[in-house]
Amino acid sequence: MKEYVRFKIYLPVIRIWNLVVDKYYGIDTELVIELPSLGLDLKIGNRQESTPTRHLKKILSFLSINSEDIFIDMGSGAGRVMIAAGRFPFKKIIGVDVSEKLNKICKINIQKMKHRLECKKFENITSNASDYQIPDKATFIYFFNPFGMEVMKDVFHSISKSVSVNPRKVKIIWYNPKYDRELEQSFPIKKIKEMKWDNFGLFPSRCLFYEMSIS
Ligand SMILES: C[S@@+](CC[C@H](N)C(=O)[O-])C[C@H]1O[C@@H](n2cnc3c(N)ncnc32)[C@H](O)[C@@H]1O
């Protein structure tokens, strides 16, 4: 019964609401696209699916942000997170995605929203996250379950390297995490917060907030 309500009523209603919001702004973020239909191997990572708006607002408003902060969305997809983060005074927002096509959609979405956003500097990078070097000044790294554990580990190694080159605290935000236990054991990360939602008792969602610094 719960599954029926979740998939036949709750999620379609939320989807319609998100489509209405997209339509209002003239953007296209409510997209579900499998990697093979973008010409990419299924093994590279997970499909495009945007973080639910209702959770994203709460996640971003928990962060203490200043005008020197740099935010990266690893697996940025259609750009919903980059746009939502753009309402805050970040110095720069970077999106990294393996799909050139998604980056094109993302850039168009950002362009349409830019006049409404506080952050004015956006960059889209087409790369496998495994090959991307985390910039030494990045302070927030966001993930919505974009890829498997091996790629996650590569990215965490890159964050760790950047923290040793430029000692600072990097906040890691991980929406609907998998492999969090494994990564907690392998990297010097400290959990600072966990948000949970029960979505009207239908299914659980959560978001973990970590800090990585030199131990
Ligand atoms: C679940 S979506 C998240 C989109 C966006 N961050 C959001 O929350 O709205 C995951 C994204 O990761 C990208 N992706 C999957 N594997 C990847 C990889 N190995 N390197 C970089 N991006 C990847 C996909 O193309 C997809 O756009």
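Up top you'll find the structure we're talking about.
Residues numbered from 1 in each chain as written. Predicted model: local features only at pLDDT ≥ 70, side-chain atom pairs only at ≥ 80, totals over all residues.

1. Remarks on the overall build of the protein chain
Phase 1: Helix and strand content of the protein chain: six helices and seven strands.
Phase 2: Counting helices and strands in the order they occur from the N terminus, the protein chain gives α-α-β-α-β-α-β-β-α-β-α-β-β.
Phase 3: Taking 215 residues into account, the globule formula puts the C-alpha radius of gyration at 17 Å, and the protein chain, at 17 Å, falls close to it.
Phase 4: Expressed along its principal axes, the backbone C-alpha trace of the protein chain runs to roughly 50 × 40 × 35 Å.
Phase 5: Of the contacts formed within the protein chain by residues at least 6 apart in sequence, a portion of 71% connects residues at least 24 apart. (Helix = DSSP H or I, 4+ residues; strand = E, 2+ residues; numbered from the N terminus. Rg over C-alpha atoms; globule rule 2.2 N^0.38 Å. Contact = placed C-beta atoms within 7 Å.)

2. Quick notes on the site of the ligand
Phase 1: The full set close to the ligand counts 25 residues, and Gly-45, Gly-75, Gly-77, Phe-144 and Pro-146 are the nearest of them.
Phase 2: Secondary structure elements with two or more residues in the shell around the ligand: α3 (80-85) and β2 (92-97).
Phase 3: In terms of residue class, the shell around the ligand is built from ten nonpolar, eleven polar and four charged. (Near = placed C-beta within 6 Å. Nonpolar A, V, L, I, M, F, W, Y, C, P; charged D, E, K, R; others polar.)

3. Concerning the environment of Val-163
Phase 1: Structurally, the position occupied by Val-163 is in helix α5 (residues 149-165).
Phase 2: Overall, Val-163 belongs to the buried group, with 20 C-beta atoms counted inside 10 Å. (Buried ≥ 20, exposed ≤ 12 C-beta atoms within 10 Å, placed from the backbone.)

4. Looking at the pairing of strand β4 (residues 140-144)
Phase 1: Burial runs high along β4: five of the five residues are buried.
Phase 2: Burial of β4 is two-sided: the residues Phe-140, Tyr-142 and Phe-144 facing one way and the residues Ile-141 and Phe-143 facing the other way are all buried.
Phase 3: One ladder, built from four bridges, connects strand β1 (residues 70-74) with β4; its direction is parallel. Across the sheet, Ile-72 pairs through a bridge with Ile-141, a residue of β4. (Pairing = 2+ DSSP bridges.)

5. Structural notes on unusual backbone geometry
Phase 1: Positive phi, normally seen in glycine, also occurs at Asn-145, with a value near 40°.
Phase 2: Judged by C-beta crowding, with 17 C-beta atoms within 10 Å, Asn-145 ranks as partly exposed.
Phase 3: Even without being a glycine, Phe-200 presents a positive backbone phi close to 60°.
Phase 4: Following the sequence through the fold, Phe-200 ends up in the loop between β6 (189-197) and β7 (205-212).

6. Considering the sheet that holds β1
Phase 1: Taking strand neighbours across the sheet as the criterion, the seven strands line up as β3-β2-β1-β4-β5-β7-β6 in an open arrangement whose pairing is mixed. Each end of this open sheet is capped by a strand with a single partner; those strands are β3 (122-126) and β6. The sheet shows a mean angle of 15° between the axes of neighbouring strands, taken without regard to direction.
Phase 2: Bridging between strand β5 (residues 170-175) and β7 involves six bridges; their strand directions are antiparallel. Residue Trp-174 lies in a different strand from β7, and its bridge partner there is Leu-208.
Phase 3: Packed onto the sheet, α5 meets β1, β4, β5 and β7 and runs at close to 30° relative to β7. (Axes fitted to C-alpha atoms, helices over the stretch in contact; angles between N-to-C directions.)

7. Comments concerning the environment of Phe-122
Phase 1: Among the structural elements, Phe-122 can be located in strand β3.
Phase 2: On the basis of neighbour counts, which here come to 23 C-beta atoms within 10 Å, the residue Phe-122 falls in the buried class.
Phase 3: If we skip the residues at most four places from it in the chain, Phe-122 touches Met-82, Ile-93 and Ile-110.

8. Notes on the nonpolar core
Phase 1: With 50 residues, the main nonpolar core has Ile-72, Ile-141 and Tyr-142 as its most contacted residues.
Phase 2: For this core, the leading source of residues is α5, giving six residues. (Core = buried A, V, L, I, M, F, W, Y, C linked by C-beta atoms within 7 Å.)

9. Some points on the environment of Lys-191
Phase 1: Looking at where Lys-191 falls in the secondary structure, it is placed in strand β6.
Phase 2: Residue contacts for Lys-191: discarding those within four places in its chain leaves Leu-208 and Tyr-210.

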